Amino acid sequence: MKRGSRYCKPGIYVLMMLMAVVFTASSALAQDVSCKTKYPIMMAHMAGIGGGTGIVELVMPVPFKGPFGVGGIGGALEACGAQVYYAKLPSLQTNEVKATEFKRQFLEAKAASGARKLNIIGHQQGGLYTRTAITNKGLWSSVASLTTVNTPHHGSAMLTLLSAFAAVGEQIPAVGETLNKIKVFPGDQAYAKVTYDEMSIPHMIAFNLKTPNIPFVYYQSWTSAYREYNLRETISNVWDLLGKMISNGEFATEPLDIAKQSYELMPDIATITNLIFGKNDGLVTEDSAKWGKYLGLELGPAYGRGVNHMDVIGLDSILNAEHGGAVWDANAKWVSTVVALKAKGY
């Protein structure tokens, strides 16, 4: 008996070790790594979302991740293996200031990750200040790719119009007071006009000339748009809006309320823009969003009204809460974008 037990114990140990190896291997196989790109990802947010007086703190508290974060797009990417970092920039500021601060945060993230390079994904202005940082601030050697989403690379017709109105308002105080009642982006309104200016069509012509792509960085883009444009409803809504402005009606002043107000105006802005410039998301046309390799136009479910500028980052679940919430699966689209980026070797 003693001899048998002496040979039995090592056998049990071997069996237990084999079972542990099998369990570890099966756990590794079960873990989703479909978004585990070669290089970590740095997310760059739009104007109107950010530090200070933007809506991030109201939408996603600490830790700062904004709509890209926990329960949102960033969380979805992390759940399938992506290593994600998040820029935290002023809600409204100049492109130059944002680019400088983005570079600082990018290099901190790169050092923390230990990676040689990072991928960048930017929404709206996030695609512009990152281009500035890459081309004009020497960040290109540390960037593997830049994916831009709903970014006005060739300018926004709506913001061009707002820029012109703001210029008139500076010359005619009465006009300025009336126009200033409607805030488009939450944030420090002292930088509202420069935000419009720097995403206007004339400005972007000059911007693109002095901010060319870098050959060593891979650039790609995609955007979204409305499916439906209701001109009759838009005419009625614009008429009501003008009456409210003239009669000194009340407009949103708190960050989240401003975002909701802009969200409600988007179908009308999109309809007006569509008459002249074609399909758009309420702020950016399809043609303006094309940069580098164009990945296509996202319209959302066939039965839906389309995907607007804020739906695209999953804010519809909050801003459209009174009308049914989310209109599409933003997380799935962003995950598929990163899965494809991984397949390209980035």
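Structure: above.
Residues numbered from 1 in each chain as written. Predicted model: local features only at pLDDT ≥ 70, side-chain atom pairs only at ≥ 80, totals over all residues. Heavy atoms only, no water.

Participant: I'm lost on empty space enclosed by the protein in this one. Help?
Facilitator: Taking a probe equal in size to a water molecule and rolling it over the atoms shows the remaining empty space. Throughout the structure, instances matching the rule amount to 2 cavities of 30 Å³ or more. Reported here for the second largest cavity is a volume of approximately 60 Å³. Every residue lining the second largest cavity is listed: Asn95, Gln125, Leu128, Glu198, Met199, His203, Met204 and Phe207. At 3 residues, helix 9 (residues 201-210) tops the list of elements feeding residues into the lining of the second largest cavity. When the residues that make up the lining of the second largest cavity are grouped by side-chain class, the tally is 4 nonpolar, 3 polar and 1 charged. (1 Å grid on protein atoms, 1.4 Å probe; cavity = no way out; pocket = protein on both sides within 12 Å on 5 of 7 lines; lining within 4 Å. Points joined across faces, edges and corners; volume = space filled by probe spheres on them. Helix = DSSP H or I, 4+ residues; strand = E, 2+ residues; numbered from the N terminus. Nonpolar A, V, L, I, M, F, W, Y, C, P; charged D, E, K, R; others polar.)

Participant: It is not clear to me how the packing of aromatic side chains should be interpreted in this structure. Could you clarify?
Facilitator: How two aromatic rings sit relative to each other is given by the distance of their centres and the angle of their planes. Following the criterion strictly, the structure yields 7 aromatic pairs and no others. With 5.9 Å between their ring centres and 45° between their planes, Phe102 and Phe106 make a pair best called tilted. With a gap of 4 residues between them, Phe102 and Phe106 both fall in helix 4 (residues 95-113), about one helical turn apart. A centroid spacing of 5.9 Å and a plane angle of 75° characterise the contact between Trp222 and Trp334, whose relative ring orientation is edge-to-face. (Phe/Tyr/Trp six-rings, centres within 6.5 Å; stacked < 30°, edge-to-face > 60°.)

Participant: Hey, could you run me through the environment of Gly314 in this one?
Facilitator: Within the fold, Gly314 resides in the loop between strand 6 (293-298) and helix 13 (316-319). Between the C-alpha atoms of Gly314 and Gly325, which are 11 residues apart in sequence, the distance is 9.8 Å. Ignoring anything within four residues of it in the chain, the contact list for Gly314 reads Ile73 and Ala330. (Contact = heavy atoms within 4.5 Å.)

Participant: I tried to follow the layout of surface pockets on my own but got confused; where do I start?
Facilitator: Here the largest pocket defines a volume of roughly 1100 Å³. Met158, Leu162, Phe165, Ile182 and Val184 are, among the 45 residues lining the largest pocket, the residues nearest its centre. Looking at the lining of the largest pocket, the elements that each hand over two or more residues are helix 6 (157-171), helix 7 (173-179), helix 8 (192-198), helix 10 (231-246) and helix 11 (255-277). Element by element, the count of residues in the lining of the largest pocket is highest for helix 11, at 10 residues. Considering only residue class, the lining of the largest pocket consists of 31 nonpolar, 10 polar and 4 charged. Its boundaries defined by the atoms lining it, the second largest pocket holds a volume of some 390 Å³.

Participant: Before we go on, may I ask you to explain the nonpolar core in this structure?
Facilitator: It is characteristic of soluble globular proteins that their nonpolar side chains tend to be buried jointly. Judged by nonpolar contacts, the single largest core of 48 residues is most densely connected at Met43, Leu77, Phe185, Ile313 and Trp334. If you list the elements that add at least two residues to this core, you get strand 1 (41-44), helix 3 (73-79), strand 2 (84-86), helix 6, helix 8, helix 9, helix 11 and helix 14 (330-343). Here the element with the most residues in this core is helix 11; it accounts for 5 residues. In terms of nonpolar packing, the next biggest core, distinct from the first, is built from 22 residues, Leu118, Val143, Val217 and Tyr219 among them. (Core = buried A, V, L, I, M, F, W, Y, C linked by side-chain atoms within 4.5 Å. Buried < 20%, exposed > 50% of the residue type's maximum accessible area, 1.4 Å probe, protein only.)

Participant: Would you take a moment to explain the packing of helix 5 (residues 126-136) against helix 9 for this structure?
Facilitator: For any two helices packed against each other, the geometry comes down to the angle between their axes and how far apart the axes lie. Taken N-terminus to C-terminus, the directions of helix 5 and helix 9 make an angle of 30°; their axes are 10 Å apart at the nearest point. By the criterion of interaxial angle, the relationship of helix 5 to helix 9 is roughly parallel. Once helix 5 is placed against helix 9, the crossing between them reads as left-handed. Of the residues in helix 9, those touching helix 5 at Leu128, Arg131, Thr132, Thr135 and Asn136 are Met204, Phe207, Asn208 and Lys210. Split by residue class, the contact of helix 5 with helix 9 holds 3 nonpolar, 4 polar and 2 charged. (Axes fitted to C-alpha atoms, helices over the stretch in contact; angles between N-to-C directions. Parallel < 35°, antiparallel > 145°, perpendicular 65-115°, else oblique. Left-handed = near helix turned anticlockwise from the far one by under 90°.)

Participant: Just to check I follow, could you spell out the packing of helix 10 against helix 11 for this structure?
Facilitator: Axis separation between helix 10 and helix 11 bottoms out at 9 Å; the angle between their running directions is 120°. For the pair helix 10 and helix 11, the sense of crossing is left-handed. Only Leu265, Pro267, Asp268, Thr271, Ile272 and Leu275 of helix 11 make contact with helix 10, whose side of the interface consists of Leu231, Glu233, Thr234, Asn237, Val238 and Leu241. For the contact of helix 10 with helix 11, the class distribution of residues is 7 nonpolar, 3 polar and 2 charged.

Participant: I tried to follow the side chain of Asn119 on my own but got confused; where do I start?
Facilitator: With respect to the helices, strands and loops of the structure, Asn119 is situated in strand 3 (residues 118-123). Of the residues examined, Asn119 reaches a relative accessible area of 0% and is grouped as buried. One polar contact links the side chain of Asn119 to the main-chain carbonyl oxygen of Tyr346, over a distance of 2.6 Å. What Asn119 contacts, discounting residues up to four positions off in sequence, is Thr37, Tyr39, Pro40, Ile41, Met42, Ala144, Ser145, Leu341 and Tyr346. (Polar contact = N/O pair within 3.5 Å; in protein donor to acceptor, adjacent residues only side chain to side chain.)

The values are spatial; any link to function lies outside them.
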